[in-house]
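Analysis of the macromolecular model
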Amino acid sequence: MHAFRPLLRKSLFNLFAATLAVAALLAPRTADAEALLLIEADSGKVLQAENATIPWYPASVTKIMTAYVTLKAVKDGKITLDTLVTVSPTAASQSPSKMGFRPGTQVTIDNALKMMLVKSANDMAVVLAEGVGGSIDGFSAMMNDTAKKLGMTQTSYVNPNGLPADGQITSARDLGILARSFLRDLPEYEYFVHIPAIRFGKRVTGNFNKLIGRYPGADGFKTGFICASGYNLVASATRNGRRLIAVVLGANSGTARAVKAAQLLERGFSQDTLSWLRPSLGTVENLVPVDASPPNLRDEMCGGHRKRPASDDDDALIATNGGATGSATGGEAQVTFFTAGLQPPLMKASELMASAPAPAEPVLVYTGPTRTGTALIAAVAADADQQATPKARSKKTRVAKKQDAGSDTKSDGKTASAKPDSAKPEAKNAAKSAAKPAPIKHAAAKPAEKPAASGDQPAKPAKPKAATKPAPKPAPNNS
């Protein structure tokens, strides 16, 4: 018996060590790496709050304020949804995600808002800012003035799209206040925050908010991501006439933020018979702000441990891996939703996020003035043709350059001048046609193959002239 004691001790020690290792893997992240908030839209009553008043980098949820200020100007009669705004060189130089229009391209306020809120287009945010506020700085001042009036005491803005900037700060508390204000002050325009998809030319882009069309009753708002902030989401849903707003800041993947938001909403909608035992958290406006610096999650979100660059559109990963756990899902794939008491789980969150969204016709967006009927069809066709034009030109240009190079370079002791003369006019015509721009008014650079997401590190400004190569991949840090 004594001989087995050392072996028994060793086995128990190994078991204890293994238990600690598993606990470490399953342990939640540090408290300062995530903020959660759940409130009632009508009353502002706080149903759940974790780190809700810690300052945070907003990333592209900034665009909720950009939309609020723009639509408030529409409601006040200063502009209309049909007002044309112009893409400036500054707007065109913004990092992805963006529409990629050339400077001089015009779009309506209506179309710019749809592109910004669904595709999270950083260039469209600047187009709106310059069109409404005259400049980025002028519009940022309008944003800060609005934030102050709404009681967003922890928020400051320096740009309209949320690209990285030291002074771009908010909190879950302030975002809850903003979302409530949007619904209260602009009810006639709230459809902008739950458009399921847009179609520009031949390209369809789904809303980056994966709750839209998947979570029952989901009807808003906006996602965001930069390396420093992690994955952010402001979401709303309505059930039986009751509307809730969930805020998730600092999730470790796009799927995780959607899962966490859905969990918060599900808990809020469930009939919890023990809710009377919980202390009242008051209203969102009464949450006490914390005086601290925003956490910087750059290493965690964009460090070398990731197999691929982090992106606001990484939710596609879960659809291809069957909902397996791992970095793509942030370990949230097996989390389930519970209703009141001890009822069995209703659904797996990973399955909910991996499922296809409910069928919905994408909303048409286009360049140029407001159009209807056959004029709208023609505008959409023109944008579709322009999407295909750069590729065709690039092919022609490569062929022309190859032929021109052959006429000047010797090969195996022979020059291209030995070729039949009939080939020369064709080469000249190809080069000439490649050099001529297509006769389309509203030119647009060819978007990337996949919906990109906003960059954490600003990419190199796009050149004003037409590109002859496919658009580069988005910067590693997208929002």
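Cut-offs applied
- Residues numbered from 1 in each chain as written.
- Predicted model: local features only at pLDDT ≥ 70, side-chain atom pairs only at ≥ 80, totals over all residues.
- Heavy atoms only, no water.
- Axes fitted to C-alpha atoms, helices over the stretch in contact; angles between N-to-C directions.
- Helix = DSSP H or I, 4+ residues; strand = E, 2+ residues; numbered from the N terminus.
- Parallel < 35°, antiparallel > 145°, perpendicular 65-115°, else oblique.
- Left-handed = near helix turned anticlockwise from the far one by under 90°.
- Contact = heavy atoms within 4.5 Å.
- Nonpolar A, V, L, I, M, F, W, Y, C, P; charged D, E, K, R; others polar.
- Salt bridge = Lys/Arg side-chain N within 4 Å of Asp/Glu carboxyl O.
- Buried < 20%, exposed > 50% of the residue type's maximum accessible area, 1.4 Å probe, protein only.
- Expected span 1.5 Å × (residues − 1).
- Arc of directions from axis to C-beta.
- Pairing = 2+ DSSP bridges.
- UniProt positions renumbered as here; feature names shortened; annotations may be inferred.

Going by the annotation in an unreviewed UniProt entry, the name recorded for the chain is D-alanyl-D-alanine carboxypeptidase family protein, with Bradyrhizobium sp. LLZ17 given as the source organism.

At a closest axis distance of 11 Å, the pairing of helix α2 (residues 62-75) and helix α4 (residues 109-119) adopts a crossing angle of 165 degrees. If you check the angle between α2 and α4, you find them roughly antiparallel. Regarding α2 and α4, the two cross each other, and that crossing is left-handed. For the pair α2 and α4, the contacting residues are K63, T66, A67, T70, L71 and V74 in the first and I109, L113, M116 and L117 in the second. Looking at the contact of α2 with α4, its residues break down into seven nonpolar, two polar and one charged.

Our next topic: the pattern of salt bridges. Pairs can form between side chains of opposite charge once their charged atoms are near each other. Within this structure, the stated rule accounts for twelve salt bridges. In this structure, E34 engages K260 in a salt bridge whose closest nitrogen and oxygen atoms are separated by 3.4 Å. Taken together, the residues span a long stretch of sequence, with E34 in the loop between α1 (4-26) and β1 (35-40) and K260 in helix α8 (residues 254-269) at a distance of 226 residues. A relative accessible area of 17% places E34 in the buried class. Here R243 and E190 are joined by a salt bridge, their closest N and O atoms 2.9 Å apart. Here the residue R243 occupies a position in strand β9 (residues 242-251), and E190 occupies one in the loop between α7 (172-185) and β5 (197-200), the gap between them amounting to 53 residues. Comparing R243 with E190, the two get one shared label, buried.

Given a rise of 1.5 Å per residue, 15 residues ought to cover 21 Å, and the 21 Å separating the end C-alpha atoms of helix α6 (residues 136-150) matches this to within 8%. For α6, every residue scored as buried is listed here: F139, S140, M143, T146, A147 and L150. Buried residues in α6, looked at end-on, bunch into an arc of 120 degrees, giving them a common side. In α6, the exposed positions angled more than 90 degrees off the buried face are occupied by D137, K148 and K149. Tucked into the core, α6 has its buried residues touching α2, α5 (122-133) and α7. Immediately beyond the C-terminal end of α6, within one or two residues, lies G151, with a positive phi of roughly 90 degrees.

What follows covers the pairing of strand β2 (residues 46-50). Residues in a regular strand project their side chains so that they alternate between the two faces of the sheet. Pairing of β1 with β2 involves four bridges; the strand directions are antiparallel. Each bridged residue has a counterpart across the sheet, and for L38 the counterpart in β2 is Q48. The loop that links β1 with its antiparallel partner β2 comprises five residues; one of these, G44, has a positive phi angle of about 80 degrees.

Moving on: the UniProt feature "active site" (unreviewed entry) in the chain. Taking the UniProt record as the reference, the feature "active site" (unreviewed entry) is found at S60, K63 and S120. Considering the C-alpha atoms alone, the annotated residues occupy 61 residues of sequence yet fold into one spot, their largest mutual distance being 7.9 Å. Residue placement: S60 occurs in the loop between β2 and α2. Judged by relative accessible area, S60 falls into the buried class, the value being 0%. Along the chain, the position of K63 falls in helix α2. Classification of K63 as buried rests on a relative accessible area of 0%.

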